[in-house]
Amino acid sequence: MKQKRKPKKEKIIKLNIDKRIVFSYKEPEVLRTCINEQGMLAGRIQTGLSRKAQKKLAVEVKRARHLALLPFVQTV
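What you see is a predicted model, and the numbers here were worked out from it, not measured in a lab. (Residues numbered from 1 in each chain as written. Predicted model: local features only at pLDDT ≥ 70, side-chain atom pairs only at ≥ 80, totals over all residues. Heavy atoms only, no water.)

Focus on the overall build of the protein
Regarding its fold elements, the protein presents 3 helices and 0 strands. When the helices and strands of the protein are listed from N to C terminus, the series reads α-α-α. Across the 76 residues of the protein, 26% fall into the buried class. Carbon and sulfur atoms provide 56% of the accessible area of the protein, an area that totals close to 6,800 Å². (Helix = DSSP H or I, 4+ residues; strand = E, 2+ residues; numbered from the N terminus. Buried < 20%, exposed > 50% of the residue type's maximum accessible area, 1.4 Å probe, protein only. Areas by Shrake-Rupley, 256 points an atom, 1.4 Å probe, with all protein chains shown as cover.)

As for helix α3 (residues 51-66)
An ideal rise of 1.5 Å per residue puts 22 Å on 16 residues; α3 measures up with 23 Å between its terminal C-alpha atoms. Once α3 finishes, A68 follows within two positions and takes phi at roughly 65°, a positive value. (Expected span 1.5 Å × (residues − 1).)

Quick notes on the environment of L69
The topology assignment puts L69 in the segment after α3. Looking at L69, the relative accessible area reads 37%, which means it is partly exposed. Sequence-wise, L69 and E27 are 42 residues apart; in three dimensions their C-alpha atoms are separated by 8.8 Å. When near neighbours in sequence (up to four residues on either side) are disregarded, L69 contacts Y25, P28, R32 and A64. (Contact = heavy atoms within 4.5 Å.)

Brief notes about the environment of T47
When you line up the elements, T47 lands in helix α2 (residues 44-47). Along the primary structure T47 and T33 are separated by 14 residues, whereas in three dimensions their C-alpha atoms are 9.4 Å apart.

Some remarks on the nonpolar core
Core analysis: the biggest nonpolar cluster contains 10 residues, these being F23, L31, C34, I35, L49, A53, L57, V61, A64 and L70. The dominant element in this core, judged by the number of residues it contributes, is α3, at 4 residues. (Core = buried A, V, L, I, M, F, W, Y, C linked by side-chain atoms within 4.5 Å.)

A word on the environment of Q46
Summarising the element assignment, Q46 is placed in helix α2. Considering only alpha carbons, one finds Q46 and C34, 12 residues apart in sequence, at a separation of 8.6 Å. A distance of 2.9 Å separates the side chain of Q46 from the backbone nitrogen of G43, its partner in a polar contact. (Polar contact = N/O pair within 3.5 Å; in protein donor to acceptor, adjacent residues only side chain to side chain.)

Below, the structure is given as structure tokens:
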């Protein structure tokens, strides 16, 4: 009998604790918490955001990258 693999525990950021969080490209420190080492945006499961809020977050990250407030790829 094969043993079932346990799913990996993923790091949960949970930004949606405070409902008044407004994402803005002008605050790259807040946006940087949602980006991993490769520069990819964390998924909805990791951030704990709704679909609508995750989309707004993605748009603001793209704006910040375009204005060079956030890097496209982070070098290690």
